[in-house]
Amino acid sequence: MSRTVSMEILVLVSLLTGAFLCYAEASTQCASAEFKCSNGRCITIRYLCDTGNDCGDLSDEQFCEPYHCHPLAFQCLNGKCITRRRFCDGSGDLCGDNSDKRYCNIDSSTQCPPGWIRCPSRSRCIRSSWVCDGLTDCIGESEERNCEYNTAKTQDSDAKSKLKSWVLRRRKPGSMADRWGSQVHRIAVALHLADNSTFDGGNRTGEEIRYELTTQLLHRLAKDREMSSQELALYIHALLVACMDPRDFYGDDLVRELRRRVEVSGNYTNPFLILALCNAGDIMTARDVERVTAAYDSQHRPFWTDSQALASMALSCISSRSSVPVDESTLMDMLQELKRRQFSNGTVDNFRTTALVTQALFIHDSYKKDFDLDSAIKVLTDGLNGSKSLLDTYYALPVLSRKSLLNVTSGHCRKEPVAEEEALQKVLEVTGEMMTVQYSVWMGDEINVGRTWRLRMRVNSTIYDAIETVAKIDNRQKVEYNVVDGKPYVAALNGKEDDSEMGMFWFVYLKTLSSDKEPKLMEESPVDIKLQPNQEIILWYKRGPWSGQSLILKPVTSP
């Protein structure tokens, strides 16, 4: 009996020892110049993405795909991800575009790429996320100097990198139309404020988000023209950072629509709407100043401090980007009141409000007096160590990047914001000589227009090509076909099917946009009809005899 008890005690001790060791490993705190592996081990940042299994669980090689590179490794300008220790190491070109060597010894006329900064010596460019991360990347005077006097910067650098990686891991495999989810507008803004090269040309992550943002917004507009004003403002912000023009989104001026809604609103206007209009370059008025200050003054209920932070940012935007006079003392009083909301542990009401208030206090560097920035940053970094939501990330990432919603503009774009058709064309890989056509869906004998799209198609495209392009833009527009002699004919769209008993069928018509002539019925298969520039394709669901494909045949759904 005693031997059995001894064995049980020995097993228990062994289990407890193993559990303690596992806990100790999992709770290890890595130094600022180290990467924490998924198994808890710490390795130097320079081992990230070097193709070696330095962690032992391959977690150091997890975020090393082209355009999905860990922020503390080195992403070449062509998207390739390489180990950081090969940057400016005197060896050959590992990137293939020489971007790991191109900015190592530069003169004063050379501009650093977006998302990079010039070293204190002015002779080298490095990634801005590498400053105060514990590793020296500059020659001569180090970029790690004075970091001990900026504890918040040291503290948040690693948290920002981890948080950005967490956002990137949310990307789902599979269909390009649904990789980022319903909060893609917030993801676009958060990633841009964390890294302003997200929407640079050639960045595949940015291109994916831009494509999904376009298709999702088109879907929302087709489904529900009366989306909330707050969501409309979120989409305007996302279009700005994605270098797309919210004033010309498939013919819709979203900024003008938001302005219309603000003008007809009642006594209270959400200050976020004014901030979005200001960021989009809309003309500000004295009435906007009144709306913002009234919104601030009305928010005296508990936990409404976040609205006051948004009001402060909106007023600052009006002050700095318009000719409308703003009483700066009013703004400073707003900011001073926000500072008084901070508790001794650094919190302002709750996690998200702490993030929003800190964003607001970046205005005029107001955080430098009567506000404990280090404690506020610690609240955010500690809060992000456990479970977190996308909304938490959306509010916190700008703070960790020392930015705010005031930094949501198209100023980083290398040219004027592109029209959404151009962005969509790029991701759909539409190349070659192009032409413009229009695509419409008509319902009923009285011609109730369901939706109209303007498309840029390759020359010699067919009606079938246009139908399938729209289906990629809006999955509610997927078409089912009947196949006759191996060729498809439209049989159903968005649940509306050919109905011989009711005498309702889908017909395909063509007309020239500049012509007053009636549309012409096309009885050939859509694959056989080549389009001409400035034609309108009409899918019309109406009563009428349909002799061409009267047989009941095998239905085929558009891919």
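Bear in mind the structure is a predicted one, so any value in this text is a computation, not a measurement. (Residues numbered from 1 in each chain as written. Predicted model: local features only at pLDDT ≥ 70, side-chain atom pairs only at ≥ 80, totals over all residues. Heavy atoms only, no water.)

Asker: It is not clear to me how the overall build of the protein chain should be interpreted in this structure. Could you clarify?
Answerer: Looking only at helices and strands, the protein chain features 15 helices and 17 strands. Per-residue burial over the protein chain gives 52% buried out of 559 residues. In the protein chain, the share of contacts with a sequence separation of at least 24, taken over all contacts with a separation of at least 6, comes to 59%. Accessible surface, the protein chain as shown: approximately 26300 Å² in total, 50% of it carbon and sulfur. (Helix = DSSP H or I, 4+ residues; strand = E, 2+ residues; numbered from the N terminus. Buried < 20%, exposed > 50% of the residue type's maximum accessible area, 1.4 Å probe, protein only. Contact = heavy atoms within 4.5 Å. Areas by Shrake-Rupley, 256 points an atom, 1.4 Å probe, with all protein chains shown as cover.)

Asker: Is there a simple way to think about the packing of aromatic side chains in this case?
Answerer: What describes a pair of aromatic rings is the distance from one ring centre to the other and the angle between the planes of the rings. This structure, assessed with the given rule, holds nine aromatic pairs. Seen from their ring centres, F362 and Y367 are 5.6 Å apart, and the 90° between their planes marks the pair as edge-to-face. Grouping residues by exposure puts F362 and Y367 together as buried. Both rings, one in Y464 and one in Y481, keep their centres 5.5 Å apart while their planes meet at 45°; by these two values the pair is tilted. Taken as a pair, Y464 in helix 15 (residues 463–473) and Y481 in strand 11 (residues 479–484) lie far apart in primary sequence, 17 residues in all. Taken together, the ring pairs connect W442, Y509 and W540 into an aromatic cluster. Lying across the ring of Y394, R186 places its NZ or CZ 5.1 Å from the centre. (Phe/Tyr/Trp six-rings, centres within 6.5 Å; stacked < 30°, edge-to-face > 60°. Lys NZ or Arg CZ within 6 Å of the ring centre and 35° of its normal.)

Asker: Sorry, what's going on with unusual backbone geometry here?
Answerer: With the exception of glycine, the majority of residues adopt a negative phi angle, and the majority of peptide bonds are in the trans configuration. Residues other than glycine seldom take positive phi values, yet R122 does so here, at roughly 70°. Along the chain, the position of R122 falls in the loop between strand 7 (116–118) and strand 8 (125–127). The backbone of H364 sits at a positive phi, close to 55°, despite the residue not being glycine. Its place among the elements puts H364 in the loop between helix 11 (351–360) and helix 12 (373–385). Among the residues examined, H364 registers a relative accessible area of 53% and is labelled exposed.

Asker: I tried to follow the state of the cysteines on my own but got confused; where do I start?
Answerer: Each disulfide consists of one covalent bond between the sulfur atoms belonging to two cysteines. A full pass over the atoms with the stated rule returns six disulfides. The partner cysteine of C37 in its disulfide is C55, sulfur to sulfur 2.0 Å. Between C37 and C55, the S-S torsion sits near -75°, and that sign places the bridge as left-handed. Taken together, the positions of C37 in the loop between strand 1 (34–36) and strand 2 (42–44) and C55 in the loop between strand 2 and strand 3 (64–65) put the pair 18 residues apart, joining distant regions of the chain. Owing to a relative accessible area of 4%, C37 belongs among the buried residues under this scheme. (Disulfide = S-S within 2.5 Å.)

Asker: I tried to follow helix 12 on my own but got confused; where do I start?
Answerer: A turn of α-helix holds 3.6 residues, and therefore any two residues three or four places apart point the same way. With 13 residues, helix 12 extends 19 Å between its outermost C-alpha atoms, agreeing within 8% with the 18 Å of an ideal straight helix rising 1.5 Å per residue. Residues L373, S375, A376, I377, V379, L380, T381 and L384 constitute the buried set of helix 12. Where helix 12 begins, one side-chain oxygen reaches toward the backbone nitrogen of D374, 3.4 Å away; that side chain belongs to D372. (Expected span 1.5 Å × (residues − 1). Polar contact = N/O pair within 3.5 Å; in protein donor to acceptor, adjacent residues only side chain to side chain.)

Asker: Before we go on, may I ask you to explain the nonpolar core in this structure?
Answerer: Generally speaking, a soluble globular protein has its nonpolar side chains buried in company with each other. Core analysis: the largest hydrophobic core is formed by 116 residues, its most contacted members being L405, Y439, I537 and L539. Looking at this core, the element that brings in the most residues is helix 5 (residues 229–241), giving nine residues. No fewer than three residues from each of domain 2 (152–407) and domain 3 (419–543) sit in this core. Dropping the residues within four chain positions of it, Y439 is found in contact with R451, T452, W453, L455, A466, I467, V470, L493, I537 and L539. (Core = buried A, V, L, I, M, F, W, Y, C linked by side-chain atoms within 4.5 Å. Domains from an automatic or database assignment.)

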